[in-house]
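Structural features, examined
The residues making up each chain are set out below.
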Amino acid sequence: MTDTYNGTKRAVILWLSGLQLTDLLELPEVEALAKRGVQVELDPLPITGPRGQHLQVLSGRSPSSFGFFDTLVPQNYVIQEQTTGRGDMPKLLPDILRSVGWHVEYKETPLADFASSVHQWTQTVPSQAACLILKCSVEDIWKREIMLPTLARTLNDALAWVGETGLLAVLSDWHPAAVKRFVNLNNYLAEMGVIERVQDSLTIDWLNSLAYFAGHGQLWLNLLGRDAQGIVHPQGEAEEVCETLIKALPAKLLDPQTGEAIIEHIFRREELYAGNYLFYAPELVVQFAPGYAPSPRSQAIDFDDAIFTMPAAGALVGAGVHPSQVRGFLLASSHALATAVRVTERVPLTAVAPTLLHALDIEYSGLEEGPVASLFDPVYLAEHPIKSGTEDQGLSDEDEELIINRLRDLGYV
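So, here is what we can say about the structure in this document. A quick note: this is a predicted structure, and the numbers were derived from the prediction, not measured. (Residues numbered from 1 in each chain as written. Predicted model: local features only at pLDDT ≥ 70, side-chain atom pairs only at ≥ 80, totals over all residues. Heavy atoms only, no water.)

With respect to the overall build of the chain
Where we set the bar: By definition, any uninterrupted DSSP run of H or I lasting at least four residues is a helix, any uninterrupted run of E lasting at least two residues is a strand, and each is numbered from the N terminus. Categorising residues by exposure relies on relative accessible area from a 1.4 Å probe, with only protein chains included: less than 20% of the type maximum marks a residue as buried, more than 50% marks it as exposed, and the intermediate range marks it as partly exposed. In what follows, residue pairs with any heavy atoms lying within 4.5 Å of each other are defined as contacts. All accessible areas in this document rest on Shrake-Rupley with a 1.4 Å probe, and a residue is counted as covered only by the protein chains that are shown. Charge assignment in this entry is limited to Lys and Arg as positive and Asp and Glu as negative, and neither His nor the chain termini are counted. Where a charge lies is defined by one atom per residue type: Lys uses NZ, Arg uses CZ, Asp uses CG and Glu uses CD.
The number of helices and strands found in the chain is 12 helices and 18 strands. Each principal axis of the C-alpha distribution contributes one length, and for the chain these read about 70 × 55 × 35 Å. Split into buried and exposed, the 413 residues of the chain put 54% on the buried side. By sequence separation, contacts in the chain at least 24 residues apart represent 72% of the contacts at least 6 residues apart. Counting every atom, the chain has about 18,300 Å² of accessible surface; 49% of that belongs to carbon and sulfur. Averaged over its 29 positive side-chain charges, the chain has a centre that lies 3 Å from the centre of its 53 negative ones.

Dropping the structure here:
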C-alpha cells in the first residue's frame, strides 16, 4: 500500500504548563488550530501534583512504575521532598525520538523567551527529522497580557516551519484550582482516636497511633516492622484499620457549613499502583472532593487549630486536589490527525506520548497506554494501524520473587 501520509518529519510541541484551555481559546490562532486539528482534555492520576503530571506526559507511564508517588514523602515521620522515584527513569519522549534518529531539543524557558526560542529553532534547525519540545510554566493570571500575543507569534512561526504535513501541538499537563477549604486530616484522625497526641502538646505519640496523613493524599498505617515506632501488625490488624478508615472517613468527615462529604474516595494502593515498587506506596490514597485540598500543615504530618481552615483570598492550588479540577489539554494538528475533532472521552495524561509518537509514525514499547484512536484520520489509521506497544502487566519470575520476599519482610507470608 502506498503511504499517502509520508510527509515532512517536523514537529513542534508547545507545553504551557499551568494553563487551562479556556485561557487560550479567545486567541484566533488557537481557535484556528482547534478547527484544523484535534482537541482533548487530559486527566491526571491521583495523587495530583505538577511533578507527577510532568512525568506522566514525558514517560507515557504512571510514575509509580519507577517508584514515584508524591513529591512529599515521610521518612521516620519526617517529610522529605522527592522529585524522582526509587528506580531508574524510563526513556522519556525526547529520548525515544532521538533513539530513532530525530534531532530533538527539549527546553524549559520563561515566558519572555518563549517566542524567540521557537523563532531561533525555525531558523537554525537542520532539515532532517526534527522536533522542538518547549515548556513554559504560566501559573500567574497577570501574565495573560504577555502570554496571548507571545503565543500568537509563536504559533505562527511554528506552523510556518512544520508546514502542512508536520505536527504542531499545544498542551498543558495541569492548571491550578480554586479551593474553598483546606482540610487537616490529622486533626480529624486525632479526634477519632486514630492518632494519639502527647498530653498538652501537638507531638504525636507514635506508640499509640495507628495511621497518619502526609503529603498530598497519602494515608499511611503506622506499621510494625516498617515504621520506627510502628504498632499495627501487617496482617489482619492492618486490614482492619484500612477497612475502618475507608468506610468511616468519607461518611463522617463533612463540611460543617454545607454538610457535604469532604472525601470523595479512599483508594487502596493496589487499586492505583502495580509493579516492583508497590510496597513503597502508602497503604491508602485519599481523593478529596472538588473544592477541598490538604492543608500545608497536614502535608507535613502536623496539626492546625481546626480541621478546616480558609485559604487566602484568591488562593489557587495545584497539588492534592481532585483530578477533574486540574485537567490538562492537548490541541494538535498534523497530516496524521483528524480535522475539527473534539474528543469528549476522558483521556489520561499518559496517553500523550504514545499518541504523539504514533502521529509521527514512530514505534514504541513499554508504555502503559496506547494512542487515542479517535484523534486520528481514518485513512492514516488504515495505513498505520495501532499496534499493541503497551507494557505487559504480567509478572516475570524475578518480579514474583521480589514481591514474595518483600511480603515476607513485611510479615504477610
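Concerning the packing of helix 6 (residues 185–192) against helix 7 (residues 236–252)
To be explicit about the condition: All axes here are fitted lines through C-alpha atoms, helices being fitted over the stretch that makes contact, and every angle between N-to-C directions spans 0 to 180 degrees. To sort the angles, those under 35 degrees are grouped as roughly parallel, those over 145 as roughly antiparallel, those from 65 to 115 as roughly perpendicular, and the leftovers as oblique. Residues were grouped as follows: Ala, Val, Leu, Ile, Met, Phe, Trp, Tyr, Cys and Pro as nonpolar; Asp, Glu, Lys and Arg as charged; and all remaining residues, including Gly, as polar.
Viewed as axis vectors pointing N to C, helix 6 and helix 7 meet at an angle of 110°, and their least axial separation amounts to 12 Å. By the angle class used here, helix 6 and helix 7 are roughly perpendicular. Within the contact between the two elements, helix 6 uses Leu185, Tyr188, Leu189 and Met192 and helix 7 uses Leu245, Ala248, Leu249 and Lys252. Classifying every residue of the contact of helix 6 with helix 7 by side-chain character gives 7 nonpolar, no polar and 1 charged.

Digging into the sheet that holds strand 15 (residues 308–309)
Rules: Two strands are counted as paired when DSSP detects at least two bridges linking them.
One open sheet accounts for 3 strands, arranged 14-9-15; its pairing is mixed. The two strands at the open ends of the sheet, each matched to only one other strand, are strand 14 (292–294) and strand 15.

A few points about the packing of aromatic side chains
Using the following cut-off: In this analysis, rings of Phe, Tyr and Trp, with Trp reduced to its six-membered ring, are considered paired at centre separations within 6.5 Å, and the interplanar angle assigns stacked below 30 degrees, edge-to-face beyond 60, and tilted for intermediate values. Either the NZ atom of lysine or the CZ atom of arginine qualifies as a charge over a ring when it sits within 6 Å of the ring centre and within 35 degrees of the ring normal.
Applying the stated criterion to the full structure yields 8 aromatic pairs. Summarising the aromatic geometry, the rings of phenylalanine 213 and phenylalanine 288 are spaced 6.0 Å apart at their centres and angled 75° between planes, so their arrangement reads as edge-to-face. Taken together, the residues span a long stretch of sequence, with phenylalanine 213 in strand 10 (residues 211–214) and phenylalanine 288 in strand 13 (residues 284–288) at a distance of 75 residues. The same class applies to phenylalanine 213 as to phenylalanine 288, namely buried. Ring-pair connections join several aromatic residues into one group, and the members of that group are Tyr77, Trp206 and Tyr212. Looking at lysine 135, its charged tip hangs above the ring of tryptophan 15, at a distance of 4.4 Å from the centre.

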